[in-house]
Amino acid sequence: MKIRVIGDLHGRDWWKRKVETGDSDLNIFLGDYVDSYIVSDEGIINNLLDIIEFKKAYEDKVILLLGNHEFNYISPYIGYCSFHYYFRTLFFPLQRQFP
(Lines give C-alpha, C1' and ligand atoms only; values in the text may rest on other atoms or scores of the structure.)
Protein backbone atom coordinates (compact mmCIF):
# COMPACT_ATOMS: atom_id res chain seq x y z
CA MET A 1 0.00 0.00 0.00
CA LYS A 2 1.41 3.37 -1.01
CA ILE A 3 0.53 6.19 1.39
CA ARG A 4 1.07 9.84 0.54
CA VAL A 5 1.26 12.29 3.45
CA ILE A 6 0.53 15.94 2.66
CA GLY A 7 1.11 18.61 5.27
CA ASP A 8 1.39 22.34 5.81
CA LEU A 9 -0.35 23.57 2.69
CA HIS A 10 -1.12 27.04 4.03
CA GLY A 11 -3.34 27.79 1.05
CA ARG A 12 -0.96 26.47 -1.58
CA ASP A 13 -2.17 24.00 -4.19
CA TRP A 14 0.98 21.98 -4.86
CA TRP A 15 -0.82 18.90 -3.55
CA LYS A 16 -2.80 18.70 -6.82
CA ARG A 17 0.33 17.87 -8.83
CA LYS A 18 1.19 15.12 -6.36
CA VAL A 19 -2.20 13.40 -6.31
CA GLU A 20 -2.98 13.70 -10.03
CA THR A 21 -0.65 10.78 -10.72
CA GLY A 22 -3.14 8.51 -8.94
CA ASP A 23 -0.33 6.26 -7.74
CA SER A 24 -1.22 6.32 -4.04
CA ASP A 25 -3.67 4.09 -2.23
CA LEU A 26 -4.21 6.59 0.57
CA ASN A 27 -3.69 10.37 0.82
CA ILE A 28 -3.45 11.79 4.33
CA PHE A 29 -3.68 15.57 4.70
CA LEU A 30 -2.10 16.64 8.00
CA GLY A 31 -3.89 19.96 8.18
CA ASP A 32 -2.62 23.53 8.21
CA TYR A 33 -4.80 24.31 5.21
CA VAL A 34 -5.03 27.99 6.16
CA ASP A 35 -2.91 30.96 7.20
CA SER A 36 -0.68 32.26 4.48
CA TYR A 37 1.22 35.46 3.91
CA ILE A 38 1.60 34.51 0.24
CA VAL A 39 -1.83 33.19 -0.79
CA SER A 40 -4.91 35.45 -0.71
CA ASP A 41 -7.95 34.57 1.40
CA GLU A 42 -9.82 33.79 -1.81
CA GLY A 43 -7.04 31.45 -2.91
CA ILE A 44 -7.07 29.70 0.46
CA ILE A 45 -10.84 29.25 0.29
CA ASN A 46 -10.69 27.87 -3.26
CA ASN A 47 -7.90 25.47 -2.30
CA LEU A 48 -9.85 24.28 0.74
CA LEU A 49 -12.92 23.70 -1.44
CA ASP A 50 -10.77 21.70 -3.88
CA ILE A 51 -9.46 19.56 -1.03
CA ILE A 52 -13.01 18.89 0.17
CA GLU A 53 -14.10 17.98 -3.37
CA PHE A 54 -11.12 15.63 -3.63
CA LYS A 55 -12.21 14.01 -0.36
CA LYS A 56 -15.77 13.60 -1.65
CA ALA A 57 -14.58 12.08 -4.94
CA TYR A 58 -12.18 9.62 -3.28
CA GLU A 59 -13.73 9.19 0.13
CA ASP A 60 -11.96 5.90 0.92
CA LYS A 61 -8.60 7.17 -0.30
CA VAL A 62 -8.43 10.52 1.55
CA ILE A 63 -8.12 11.36 5.23
CA LEU A 64 -8.38 15.00 6.33
CA LEU A 65 -6.91 15.92 9.70
CA LEU A 66 -6.86 19.25 11.50
CA GLY A 67 -3.51 20.93 11.98
CA ASN A 68 -2.45 23.31 14.71
CA HIS A 69 -3.56 26.32 12.66
CA GLU A 70 -7.12 24.97 12.38
CA PHE A 71 -7.11 23.89 16.01
CA ASN A 72 -6.11 27.38 17.13
CA TYR A 73 -9.12 28.85 15.35
CA ILE A 74 -11.68 26.40 16.65
CA SER A 75 -10.47 25.93 20.22
CA PRO A 76 -12.30 28.18 22.70
CA TYR A 77 -9.40 27.88 25.16
CA ILE A 78 -6.37 28.27 22.94
CA GLY A 79 -7.90 29.95 19.89
CA TYR A 80 -6.88 33.23 18.36
CA CYS A 81 -8.79 36.36 19.30
CA SER A 82 -10.59 36.68 15.98
CA PHE A 83 -11.81 34.21 13.37
CA HIS A 84 -10.86 34.59 9.76
CA TYR A 85 -13.55 34.89 7.13
CA TYR A 86 -13.11 31.37 5.79
CA PHE A 87 -13.72 29.76 9.16
CA ARG A 88 -16.85 31.71 10.00
CA THR A 89 -18.48 31.26 6.61
CA LEU A 90 -16.88 28.18 5.10
CA PHE A 91 -15.07 25.78 7.40
CA PHE A 92 -17.68 25.32 10.12
CA PRO A 93 -20.57 24.74 7.70
CA LEU A 94 -18.49 22.35 5.60
CA GLN A 95 -17.20 20.29 8.52
CA ARG A 96 -20.76 19.09 9.12
CA GLN A 97 -20.53 17.18 5.82
CA PHE A 98 -18.05 14.74 7.29
CA PRO A 99 -18.84 12.41 10.21
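Refer to the structure presented above.
So, a few notes on the structure that sits alongside this text. (Residues numbered from 1 in each chain as written. Predicted model: local features only at pLDDT ≥ 70, side-chain atom pairs only at ≥ 80, totals over all residues. Heavy atoms only, no water.)

### Some points on the overall build of the protein chain
Argument step 1. Each helix and strand in the protein chain was counted, giving four helices and three strands.
Argument step 2. Traced from its N-terminal end to its C-terminal end, the protein chain shows the element sequence β-α-β-α-β-α-α.
Argument step 3. For the protein chain, the residues scored as buried account for 38% of the 99 residues in total.
Argument step 4. Considering only residue pairs separated by 6 or more positions, the protein chain has 61% of its internal contacts joining residues 24 or more positions apart.
Argument step 5. As displayed, the protein chain has an accessible area near 6300 Å², and 55% of this comes from carbon and sulfur atoms. (Helix = DSSP H or I, 4+ residues; strand = E, 2+ residues; numbered from the N terminus. Buried < 20%, exposed > 50% of the residue type's maximum accessible area, 1.4 Å probe, protein only. Contact = heavy atoms within 4.5 Å. Areas by Shrake-Rupley, 256 points an atom, 1.4 Å probe, with all protein chains shown as cover.)

### Here we look at the nonpolar core
Argument step 1. Grouped together as the largest cluster of nonpolar side chains are 14 residues, with contacts concentrated most on Ile6, Leu9, Trp15, Phe29, Tyr33, Ile51 and Phe54.
Argument step 2. Mapped onto this core, the elements with two or more residues apiece are helix H1 (15–19) and helix H2 (41–57).
Argument step 3. With five residues, H2 is the single largest residue contributor to this core.
Argument step 4. Residues contacting Phe54, with those up to four places away along its chain left out, are Trp15, Val19, Asn27, Phe29 and Val62. (Core = buried A, V, L, I, M, F, W, Y, C linked by side-chain atoms within 4.5 Å.)

### Remarks on H2
Argument step 1. In this model, H2 (17 residues) spans 24 Å end to end at C-alpha, consistent with the 24 Å of a helix rising 1.5 Å per residue.
Argument step 2. Taken as a whole, H2 has its buried residues at Ile44, Ile45, Asn47, Leu48, Ile51, Ile52, Phe54 and Lys55. (Expected span 1.5 Å × (residues − 1).)

### Things to note about the pattern of salt bridges
Argument step 1. Taken as a whole and judged by the stated rule, the model has four salt bridges.
Argument step 2. Notably, a salt bridge pairs Asp23 with Lys2, separated by 2.8 Å at the nearest N-O pair. Pair noted here: Asp23 is in the loop between H1 and strand E2 (26–29) and Lys2 is in the segment before strand E1 (3–6), with a separation of 21 residues, a long-range link.
Argument step 3. The class for Lys2 is partly exposed, based on a relative accessible area of 39%.
Argument step 4. Measuring nitrogen to oxygen at the nearest pair gives 3.7 Å for the salt bridge that ties Glu53 to Lys56. In this pair, Glu53 and Lys56 are both assigned in helix H2, three residues apart and thus about one turn of the helix distant. (Salt bridge = Lys/Arg side-chain N within 4 Å of Asp/Glu carboxyl O.)

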